[in-house]
Amino acid sequence: MSHKLNPVSSNTKPVYQDVNLLIVVSIALTEILGTMSLNPVLPAIAREFEVSPQQIGWVTTAFVAPMVVGGPICGVLADRFGRKSILIPSLLLFAIAGVACAFAPNFQILLVWRFLQGVGAASLESLPLGMICDLYTGRQLTAAMGFLASTAGLSLVVYPLLGGGLASMGWRNTFALPLVAFLVGIWLWRSPRLPEQQHSAQFNLKVYLRNIWISVCRGRVIKLMFMVVVLFVLLFGAYFTYVPAVAASLGASGIEIGILLASMSIFFALTSSQLGLLARSFSERTLLRIAFSLYAVALVLIPSIDHIWILLIPSALFGVAHGIVFPTTQALLGESSPNHNRSGFMAVVAIAIPLGQAIGPVLGGLAFGAWEMRGVFYAGMFLAIATLVLLNYLIPRTKRKV
């Protein structure tokens, strides 16, 4: 029978000094590598294969599409056979398919290899979240999620630079980066201390799926998933989609817009790295109140800004807010996960992230059509304020473990 796993990390040292956490974070960063390192080389790929700007987006779509369906499937398989049994082959496939993209003779073959690379990446986002929940509890869990989020934020700055640097010698060179997955896989394989669940010989898929459904449908989980959707709607529906347009209208160049977006990622990383310290002084509900207040302030400021570099202020506010909300909600979801089917549970609730990413630009477009550019940010501000008002209902006051 499955049993409750005891965290293997010491409570007397910072979580970032735990080798187990570093392995788990390296797995998650490998998945991010699959998208962020390629963004700078997409125009070069379009020129090489003579495809339109609309078609080049399929390079990203082909990678992400199998992750939407494959994530929950990998969660089920990980709970049945163990996380290492899924992650190591996934990392191997990610590396092989990623490198094979460099040898694609045409655009169609490139998409096939990208799809297979996405199949390999399907387990690399949700399973690390479940592993962190095995390793930590209480405020250490919040600190660990903060560390994961901070490294992810830094990767949003570093990976495009690496991809662009390799692409300066030819876009195919960028596809050497997936070789990192080989090293991560070896590190994971040689690590005996990462916790694994014990599994019974009998596995009833119907019962397992019903238990996950019951766990996900609990009120607290649904409320947390709603908050995750909201924060990604704000990020992708207002910030990433329309702040570049505002900057361009003020005369910003592509490089200057890139600096603005990078500044958000830097503040996101810095704030997330300090979340463990913040969690010692403030409750999760207080931190979330601060974050959604910052979202609202940033969104109301943007339409009134008349100079490019003043946009750094709302960018910083967005980064700080996201650095608080994202890891905090992931930690709270992790604490709500049932121990015997945690991988499947975390894979299902992780769907809230792409859901927010997908509907955010749609809602932003509707707001733009109704009220033009200002309306996008004011609508986002009202959504942030509404979430702030609902926080007492969404996150009831609870006493957490230290």
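Residues numbered from 1 in each chain as written. Predicted model: local features only at pLDDT ≥ 70, side-chain atom pairs only at ≥ 80, totals over all residues. Heavy atoms only, no water.

Considerations on the overall build of the chain
A tally of helices and strands in the chain yields 17 helices and zero strands. Residues counted as buried form 52% of the 402 residues belonging to the chain. When the accessible area of the chain is evaluated, it comes to approximately 17,600 Å², of which 69% is carbon and sulfur surface. (Helix = DSSP H or I, 4+ residues; strand = E, 2+ residues; numbered from the N terminus. Buried < 20%, exposed > 50% of the residue type's maximum accessible area, 1.4 Å probe, protein only. Areas by Shrake-Rupley, 256 points an atom, 1.4 Å probe, with all protein chains shown as cover.)

With respect to the packing of helix α1 (residues 19-36) against helix α5 (residues 83-100)
Two elements in contact, α1 and α5, have axes separated by 12 Å at closest approach and are oriented at 30 degrees. Taken together, the axes of α1 and α5 are roughly parallel relative to one another. In the crossing of α1 with α5, the sense of the turn from one axis to the other is left-handed. Counted together, Ile27, Thr30, Leu33 and Gly34 of α1 and Leu87, Leu91 and Phe94 of α5 form the full contact between these two elements. For the contact of α1 with α5, the residue count by class is five nonpolar, two polar and no charged. (Axes fitted to C-alpha atoms, helices over the stretch in contact; angles between N-to-C directions. Parallel < 35°, antiparallel > 145°, perpendicular 65-115°, else oblique. Left-handed = near helix turned anticlockwise from the far one by under 90°. Contact = heavy atoms within 4.5 Å. Nonpolar A, V, L, I, M, F, W, Y, C, P; charged D, E, K, R; others polar.)

Overview of unusual backbone geometry
A positive phi angle, close to 55 degrees, is found at Glu50, a residue other than glycine. The topology assignment puts Glu50 in the loop between α2 (42-49) and α3 (53-56). Owing to a relative accessible area of 72%, Glu50 belongs among the exposed residues under this scheme. Even without a glycine there, the phi angle at Glu372 is positive, about 65 degrees. The class for Glu372 is exposed, based on a relative accessible area of 58%.

Some details on helix α15 (residues 312-336)
One full turn of an α-helix is made of 3.6 residues, so residues set three or four places apart face in the same direction. In this model, α15 (25 residues) spans 36 Å end to end at C-alpha, consistent with the 36 Å of a helix rising 1.5 Å per residue. The element α15 is largely enclosed, with a buried count of 21 among its 25 residues. (Expected span 1.5 Å × (residues − 1).)

A look at the pattern of salt bridges
Within the structure shown, the criterion is met by one salt bridge. Note that Glu48 and Arg172 form a salt bridge whose closest N and O atoms lie 3.6 Å from each other. Residue Glu48 is located in helix α2, and its partner Arg172 is located in the loop between α8 (138-167) and α9 (180-189); the two are separated by 124 residues in the primary sequence. (Salt bridge = Lys/Arg side-chain N within 4 Å of Asp/Glu carboxyl O.)

Observations regarding the environment of Phe103
Positionally, Phe103 belongs in the loop between α5 and α6 (107-121). Separated by 69 residues in sequence, Phe103 and Arg172 place their C-alpha atoms 7.6 Å apart.

Section: a nonpolar patch on the surface
The grouping of Leu92, Ile96, Leu179, Phe182, Leu183, Ile186 and Trp189 at the surface amounts to a nonpolar patch, some 710 Å² of accessible area in total. Those elements that place two or more of their residues in the nonpolar patch are α5 and α9. Broken down by element, the residue count for the nonpolar patch peaks at four residues, all from α9. Locating Ile96 in the fold gives a position in helix α5. Residue Ile96 is classed as partly exposed on the basis of its relative accessible area, which comes to 44%. (Patch = residues over 30% accessible without salt bridge, like charges linked within 9 Å, V, L, I, M, F, W, Y side chains within 5 Å.)

Notes on the nonpolar core
Core analysis: the biggest nonpolar cluster contains 104 residues, and Ile132, Phe292, Tyr295 and Phe318 have the highest contact counts within it. Beyond its immediate sequence surroundings of up to four residues, Ile132 is in contact with Leu21, Val24, Leu141, Ala144, Met145 and Leu148. Ranked by size, the runner-up nonpolar core spans 18 residues in total, among them Ala102, Phe107, Leu111 and Phe175. (Core = buried A, V, L, I, M, F, W, Y, C linked by side-chain atoms within 4.5 Å.)

Describing the packing of aromatic side chains
Describing an aromatic ring pair means giving the distance of the ring centres and the angle of the ring planes. One pass over the structure, following the stated rule, counts eight aromatic pairs. Pairing Phe63 with Phe94 gives two aromatic rings, centres 6.3 Å apart and planes at 75 degrees, and the pair type is edge-to-face. With Phe63 in helix α4 (residues 58-81) and Phe94 in helix α5, this pair connects stretches of sequence that are 31 residues apart. Assigned by exposure class, Phe63 and Phe94 land together as buried. Taken together through their ring pairs, the aromatic side chains of Phe49, Phe107, Trp171 and Phe175 make up a single cluster. (Phe/Tyr/Trp six-rings, centres within 6.5 Å; stacked < 30°, edge-to-face > 60°.)

Some words on α5
Across its 18 residues, α5 extends 26 Å between first and last C-alpha, which sits within 8% of the 26 Å expected from 1.5 Å per residue. Regarding α5, the residues found buried are Arg83, Ile86, Leu87, Ser90, Leu91, Phe94, Ala95, Ala97, Gly98 and Ala100.

Description of the confidence of the model for the chain
Mean pLDDT over the chain stands at 80; residues scoring 70 or higher make up 87%. For residues 1-10, every residue scores under 50 in pLDDT, and the model assigns this stretch 25 contacts once sequence neighbours within four places are set aside. (pLDDT = per-residue confidence, 0-100.)

Here we look at the side chain of Ser37
Here Ser37 lies in the loop between α1 and α2. With a relative accessible area of 4%, Ser37 lands in the buried category. Ignoring any residue separated from it by four or fewer positions in sequence, one finds Ser37 in contact with Tyr159, Gly163, Thr174 and Leu177.

Side note on the packing of helix α14 (residues 284-301) against α15
For the pair α14 and α15, interaxial distance at closest approach is 8 Å and the crossing angle is 150 degrees. One way to sum up the angle between α14 and α15 is to call them roughly antiparallel. Judged by the twist between their axes, the crossing of α14 over α15 is left-handed. On α15, the residues that touch Glu284, Leu287, Leu288, Ile290, Ala291, Phe292, Leu294, Tyr295, Val297, Ala298, Leu299 and Leu301 of α14 are Ile313, Pro314, Leu317, Phe318, Val320, Ala321, His322, Ile324, Val325, Thr328, Thr329 and Leu332. Of the residues that constitute the contact of α14 with α15, the class distribution is 20 nonpolar, three polar and one charged.

A short note on the environment of Phe382
Within the fold, Phe382 resides in helix α17 (residues 352-394). Its relative accessible area of 55% is what places Phe382 among the exposed residues. Placed 82 residues apart in sequence, Phe382 and Val300 show a C-alpha to C-alpha distance of 9.4 Å.

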